[in-house]
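Overview (structure and organization)
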Amino acid sequence: MKLDFNFQIKGLDGNDIQGEGGNAGKLLSALLASQNKGNSIKLYDWALKVYNNTPLEIDSTDADVLIGLIEASESLTVIGKVPLINYIKSVK
């Protein structure tokens, strides 16, 4: 599956959160780059790709890993987690 995280997260008011802080790829890349467990090479590759607006080509198992990382994150709030997870599940 191909996942393109180059989209803006919406705030509670339904409007896009402006700037890089609202970009799904930038949020996800920061999360991936900050991991200290897991497959370092794969996570680093994913972080580089989503930061640079390159779609991720991953299988269903890796999609589940990505969802698990997002869910377990203590650095992302639900306003960032839910759109990311919903997007992955919609493509899956």
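So, here is what we can say about the structure in this document. Computed from a predicted model, the values in this text were never measured in an experiment. Numbering of residues starts from 1 in each chain and follows the order in which that chain's sequence is written. Note on the predicted model: pLDDT of at least 70 is required for a residue's local features to be given, and 80 or more for side-chain atom pairs to be given and counted; whole-chain, interface and lining totals, by contrast, use all residues. Excluded from the side-chain calculations are hydrogens and water; all other atoms, namely the structure's heavy atoms, are used.

1. Re the nonpolar core
As a reminder, the rule being used: We define a nonpolar core as any set of buried Ala, Val, Leu, Ile, Met, Phe, Trp, Tyr and Cys residues linked to one another through side-chain atoms lying within 4.5 Å. Per-residue accessibility, obtained with a 1.4 Å probe over protein chains only, is compared with the maximum for each type, and a residue is labelled buried under 20%, exposed over 50%, and partly exposed between these values. Labels follow the DSSP assignment, with helices taken as runs of H or I lasting at least four residues and strands as runs of E lasting at least two, numbered in each case from the N terminus. Only heavy atoms enter the contact rule, under which two residues are in contact if any of them lie within 4.5 Å.
Core analysis: the biggest nonpolar cluster contains 22 residues, and F5, L28, L32, L56, L66, I70 and I88 have the highest contact counts within it. At the level of secondary structure, the elements contributing two or more residues to this core comprise α1 (24–33), α2 (40–51), α3 (60–72) and α4 (78–91). A per-element tally of this core places α3 first, with five residues. If sequence neighbours within four positions are ignored, I88 has contacts with L3, F5, A63, L66, I67 and I70.

2. Examining α3
To be explicit about the condition: Take the residue count of a helix, subtract one, and multiply by 1.5 Å to get its expected span. Here the arc refers to the set of directions running from the helix axis out to each C-beta atom. Pairing of N or O atoms within 3.5 Å defines a polar contact, subject to two protein rules: one partner must be a possible hydrogen donor and the other a possible acceptor, and residues neighboring in sequence count only if both atoms are side-chain atoms.
In this model α3 runs 18 Å from its N-terminal to its C-terminal C-alpha over 13 residues, within 8% of the 18 Å that 1.5 Å per residue would give. Turning to α3, its buried residues are D62, A63, L66, I67, L69 and I70. Looking straight down α3, one finds that the buried residues subtend no more than 160 degrees of arc, so they occupy a single side. Away from its buried face by more than 90 degrees, α3 exposes T61 and A72. Close packing links the buried residues of α3 with β1 (2–3), α1, α2, β2 (56–57) and α4. The N-terminus of α3 is capped by D59, whose side-chain oxygen sits 3.2 Å from the backbone nitrogen of T61.

3. Section: the environment of G68
By the element assignment, G68 lies in helix α3. Using a relative accessible area of 36% as the deciding quantity, one classes G68 as partly exposed. C-alpha of G68 to C-alpha of L84: the two residues are 16 residues apart in sequence and 11 Å apart in space.

4. What about the packing of α1 against α3?
Helix packing for two helices is described by the angle between their axes and how far apart those axes are. The test is simple: In this analysis an axis means a line fitted to C-alpha atoms, helices contributing only their contacting stretch, and an angle means the value between N-to-C directions, from 0 to 180 degrees. Orientation labels follow simple angle bins: below 35 degrees gives roughly parallel, above 145 gives roughly antiparallel, 65 to 115 gives roughly perpendicular, and whatever is left gives oblique.
Viewed as axis vectors pointing N to C, α1 and α3 meet at an angle of 85 degrees, and their least axial separation amounts to 11 Å. Between α1 and α3, the crossing angle belongs to the class labelled roughly perpendicular. Taking contact as the criterion, the partners of L28, L31 and L32 in α1 are, on α3, L66, L69 and I70.

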